[in-house]
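# Chains, contacts and geometry: an overview
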Amino acid sequence: INGKSVNMQELRPEVIAAKQAMRACYDEAFNAARAKFGASEVFVRILALPEITTTPRQPGGEQLDILGLYKGALGAIEELWQYGQQVLEASGEAAGPRALVSSAWSIKKACRVWYNLTTKYGGDISRVTDCARISIELTSAEALEEAANFLLQGAKKVCSFKNRIANPTAEGYRDLLFTVLIADHVCEVQLHLVAMLKAKRHAQAHTIYKLCQRVLK
């Protein structure tokens with residue numbers, strides 16, 4: 001780091017400690033969200049939402065190249081944004097006193113796409129399904145459930161669904177992660193709880209863990 005060598009044996013305990021601290025922080029945030037009036041019963045229903053475990057692929061299969069991937073992502077982003085606003089409306093948090101939620105679209109950077117192609121996808125570009133993506137932040141369990149039901153029961157084809165409320169990441173982060181076919185391109189839709197995002201953005205352990213993780217990779 002900064003031109004100096006890193007002793008991996010010394011670094012690994014730091015990673016483990018940061019990961020444990022991060023999980024504790026996320027657990028605290030989730031438990032606080034679940035403790036709100038009426039939220040516990042809603043989370044029981046969210047936890048029971050069945051995952052869709054098929055492996056999504058972009059149209060074009062193994063013939064797809066990186067230019068085709070970005071052409072598809074850019075062609076889908078406007079409709080993806082409009083779809084995200086429909087999800088937000090369905091959540092009940094798009095208007096009124098709780099209209100402080102937000103959504104944001106993004107196109108994944110080429111360096112991250114190439115990294116995943118090398119480390120996860122064996123060079124198969126059709127397996128990159130998060131090039132065009134939208135993140136939607138919701139304040140309550142009720143809104144999260146309504147948004148998830150809109151996605152699962154709506155007109156757009158849901159290609160996959162990871163219930164990371166029921167099965168959190170290795171670091172303990174909880175959200176709902178979908179891939180949806182929009183304008184002949186598979187896009188990612190991520191539903192966040194604001195409480196979890198706040199824990200992620202403000203936890204020092206998260207910054208330490210991510211830095212150490214990148215060094216180890």
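Preceding this paragraph is the structure being described.
Residues numbered from 1 in each chain as written. Predicted model: local features only at pLDDT ≥ 70, side-chain atom pairs only at ≥ 80, totals over all residues. Heavy atoms only, no water.

### Digging into the sheet that holds strand E3 (residues 157–163)
- The 5 strands lie next to each other as E1-E2-E5-E4-E3, forming an open sheet whose pairing is mixed. Strands at the two margins of the open sheet, each flanked by one partner only, are strand E1 (102–107) and E3. Looking at each pair of strands side by side, their axes are set apart by 20° on average, direction ignored.
- Of the strand pairs in this sheet, strand E4 (residues 176–182) and strand E5 (residues 185–193) are connected by 7 bridges, and their pairing is antiparallel. Within the sheet, the bridge partner assigned to Leu181 lies in E5 and is Val186. (Pairing = 2+ DSSP bridges. Helix = DSSP H or I, 4+ residues; strand = E, 2+ residues; numbered from the N terminus. Axes fitted to C-alpha atoms, helices over the stretch in contact; angles between N-to-C directions.)

### Some details on the pattern of salt bridges
- Counted under the stated rule, the structure contains 6 salt bridges.
- Here Arg45 and Glu145 are joined by a salt bridge, their closest N and O atoms 2.6 Å apart. Of this pair, Arg45 sits in helix H2 (residues 39–47) while Glu145 is found in helix H5 (residues 141–153), placing the two residues 100 residues apart along the sequence.
- Overall, the relative accessible area of 43% leaves Arg45 in the partly exposed class. (Salt bridge = Lys/Arg side-chain N within 4 Å of Asp/Glu carboxyl O. Buried < 20%, exposed > 50% of the residue type's maximum accessible area, 1.4 Å probe, protein only.)

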